[in-house]
Amino acid sequence: NMTWKVYIFGHIPFALYASWIFGAALINLLVVCGSNPENVDLWGWVIAGEAGLLVASFFGAFVLYQKEDVWYTAVNVWTLVAIAQKQQNVSTKTAAVLLAVILGVGCVGTLVKKVLHRR
């Protein structure tokens, strides 16, 4: 069991940082891998970016399920909402909103479970 100081000053900042870095690196890596410098194919970038969203979301769901780490997954939700707000591509916007809702419901469910488990 962690003390509240370790949780607040150690675990939460690390979870926020790790989630942000993992998601950003994954999405950027997949976009670069999906691009062809000789033939600029916008759809290749879109599909690779959506794959990055999906993989990052699955990893966030896995962390939420295994570790019940709401902070890590909450960063994924926040990132997905920000991506959805900036997107003009309807499929990417829809995917980001859907994944944000699914992970958000998982975060709320985990928080409720933790509160009820304490009683």
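All of these numbers come straight from a predicted model, not from anything done at the bench.

**Student:** Please explain the overall build of the chain as it appears in this structure.
**Tutor:** Looking only at helices and strands, one finds 4 helices and 0 strands in the chain. Ordered by position in the sequence, the α and β elements of the chain form the string α-α-α-α. C-alpha extents for the chain along the principal axes are approximately 60 × 25 × 20 Å. Nonlocal contacts in the chain, meaning residues at least 24 apart in sequence, comprise 64% of its contacts between residues at least 6 apart.

**Student:** So what exactly am I meant to see when it comes to the layout of surface pockets here?
**Tutor:** Over the atoms, a rolled probe matching the size of one water molecule traces out where space is still vacant. In this model, the largest pocket occupies a volume close to 500 Å³. Together, 15 residues line the largest pocket, and Tyr7, Lys67, Glu68, Lys114 and Arg118 are the ones closest to its centre. Elements represented by at least two residues in the lining of the largest pocket include exactly helix 1 (4-34), helix 3 (70-86) and helix 4 (90-118). It is helix 4 that contributes the most residues to the lining of the largest pocket, 6 residues altogether. Grouping the constituent residues of the lining of the largest pocket by class yields 6 nonpolar, 3 polar and 6 charged.

**Student:** Help me understand empty space enclosed by the protein in this model?
**Tutor:** Under the counting rule described, the total for this entry stands at 1 cavity of 30 Å³ or more. The volume enclosed by the largest cavity comes to roughly 90 Å³. What lines the largest cavity is simply Ser19, Trp20, Gly23, Ile27, Leu53, Ala56, Ser57, Asn76, Thr79, Leu80 and Ile83. For the lining of the largest cavity, the elements supplying multiple residues, two or more each, are helix 1, helix 2 (42-67) and helix 3. For the lining of the largest cavity, a count of residues per class yields 6 nonpolar, 5 polar and no charged.

**Student:** Got a minute to help me understand the side chain of Asn89 in this structure?
**Tutor:** As for its placement among the helices and strands, Asn89 is situated in the loop between helix 3 and helix 4. A distance of 2.8 Å separates polar atoms of two side chains, one belonging to Asn89 and the other to Ser91. When neighbours within four sequence positions are excluded, Asn89 is seen to be in contact with Trp43, Val46 and Glu50.

Parameters and conventions
Residues numbered from 1 in each chain as written. Predicted model: local features only at pLDDT ≥ 70, side-chain atom pairs only at ≥ 80, totals over all residues. Heavy atoms only, no water. Helix = DSSP H or I, 4+ residues; strand = E, 2+ residues; numbered from the N terminus. Contact = heavy atoms within 4.5 Å. 1 Å grid on protein atoms, 1.4 Å probe; cavity = no way out; pocket = protein on both sides within 12 Å on 5 of 7 lines; lining within 4 Å. Points joined across faces, edges and corners; volume = space filled by probe spheres on them. Nonpolar A, V, L, I, M, F, W, Y, C, P; charged D, E, K, R; others polar. Polar contact = N/O pair within 3.5 Å; in protein donor to acceptor, adjacent residues only side chain to side chain.

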